[in-house]
Amino acid sequence: MNRYAFPILIAGNAVLFFILTLVFGLLIHKKAGEPYRFRQYFPYELFHDSRGLYLIPRVTQAISASASFLYPIYLYSSVKESFLTQPTYIIMLTIMEGLLNVSLFALTFIPLKYERQHVSLFFLYSALLAIRNAATGTIFLSIANASTEAKVLDDVFAIVAFLFALLSLLPLLNPKLKNYAQMVPTTQKDGTVKLERPKYFVLAFSEWLLYFHQILSFLWIVVGFSVMK
């Protein structure tokens, strides 16, 4: 089998089912007459409402996560065919990918009414994403150093992986997170004041940024290992 075939299949499935997760979730909300905005609503709200859990988006989310988890397993099984001499790194990457997907599932299951648990999961998810990307950068650097030829492209893959790790932590440094639960008072036609979500609900928007970031950095991992092997 062509060495690019399986990675392309895995990456394609991860991205395809991630997109289907968004599409099915948005369509169900639209059919229910409930507009969904990524800048205001949490990822967990894409999967359920007052009527219950949306099964189809959950299934597509699970398939997408499974595909991303399969890739480091594939790397470990094929590590003897490459010049990477430290399979321990791949085991670490496999564990981190598994923990990352488990934390994401938990984050998209636990609503904000369980505030302490939800916010803790947000910080954990961001930290795991940063560790996974940093571990990837370390592996890329190991591969580049093990190569007998000096390749600028190898160093670029390592640098960008470390940059992804840094970007994973940026949402945690947003000063607006201190007031993440602050609502905006809006005066209704009858004179009553109603609290509504701000145009950009910082915690919800940050969670979506990390979710998209996970997919993009996963694609970078697949491309990197495919090119550098």
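Please refer to the structure higher up on the page.
Residues numbered from 1 in each chain as written. Predicted model: local features only at pLDDT ≥ 70, side-chain atom pairs only at ≥ 80, totals over all residues. Heavy atoms only, no water.

## Some words on the overall build of the chain
Within the chain one finds 7 helices and 4 strands. Helices (α) and strands (β) of the chain occur, in sequence order from the N terminus, as α-α-β-β-α-α-α-α-β-β-α. For the chain, buried positions account for 44% of its 229 residues. For the chain, the proportion of contacts with a sequence separation of at least 24, taken over those separated by at least 6, is 73%. (Helix = DSSP H or I, 4+ residues; strand = E, 2+ residues; numbered from the N terminus. Buried < 20%, exposed > 50% of the residue type's maximum accessible area, 1.4 Å probe, protein only. Contact = heavy atoms within 4.5 Å.)

## Structural notes on the pattern of salt bridges
Pairs can form between side chains of opposite charge once their charged atoms are near each other. Tallied over the full model, the rule gives 1 salt bridge. A salt bridge links E97 to R132; the shortest N-O distance between them is 2.9 Å. On the criterion of sequence distance, the pair formed by E97 in helix α4 (residues 87-107) and R132 in helix α5 (residues 115-146) is long-range, its members being 35 residues apart. Each member of the pair, E97 as well as R132, carries the same accessibility label: buried. (Salt bridge = Lys/Arg side-chain N within 4 Å of Asp/Glu carboxyl O.)

## So, a nonpolar patch on the surface
There is a patch of nonpolar side chains on the surface, built from V152, L153, V156, V223 and V227 and spanning about 400 Å² of accessible area. Secondary structure elements with two or more residues in the nonpolar patch: α6 (152-169) and α7 (202-228). Top contributing element to the nonpolar patch by residue count: α6, with 3 residues. Judged by its relative accessible area of 64%, V152 is exposed. (Patch = residues over 30% accessible without salt bridge, like charges linked within 9 Å, V, L, I, M, F, W, Y side chains within 5 Å. Areas by Shrake-Rupley, 256 points an atom, 1.4 Å probe, with all protein chains shown as cover.)

## Quick notes on the packing of aromatic side chains
Under the criterion given, the structure shown has 20 aromatic pairs. Measuring from centroid to centroid gives 4.9 Å for F6 and Y74, while their planes differ by 50°, and the two rings are tilted. Of this pair, F6 sits in helix α1 (residues 5-31) while Y74 sits in helix α3 (residues 55-77), placing them 68 residues apart in sequence. F6 gets classed as partly exposed once you look at its relative accessible area, which sits at 28%. Since its relative accessible area comes to 16%, Y74 is described here as buried. Each ring, one from F18 and one from F212, has its centre 5.3 Å from the other, and the planes form 90°; the classification is edge-to-face. With F18 in helix α1 and F212 in helix α7, the pair connects residues that are 194 residues apart, well separated along the chain. The class of F212 is partly exposed, set by a relative accessible area of 33%. (Phe/Tyr/Trp six-rings, centres within 6.5 Å; stacked < 30°, edge-to-face > 60°.)

## Observations regarding α6
Over its 18 residues, α6 runs 27 Å from end to end, which matches the ideal 26 Å to within 8%, given 1.5 Å per residue. When α6 is considered as a whole, its buried residues turn out to be D154, F157, A158, A161, F164, A165 and S168. In a view along the axis of α6, the buried residues occupy a sector of 115°, so they form one face of it. Exposed and oriented more than 90 degrees from the buried face of α6 are V152, I159 and L166. As for α6, its buried residues are in contact with α5 and α7. (Expected span 1.5 Å × (residues − 1). Arc of directions from axis to C-beta.)

## A look at the environment of A127
Note that A127 resides in helix α5. Expressed as a C-alpha distance, the spacing of A127 and L100, which sit 27 residues apart in the sequence, is 9.1 Å.

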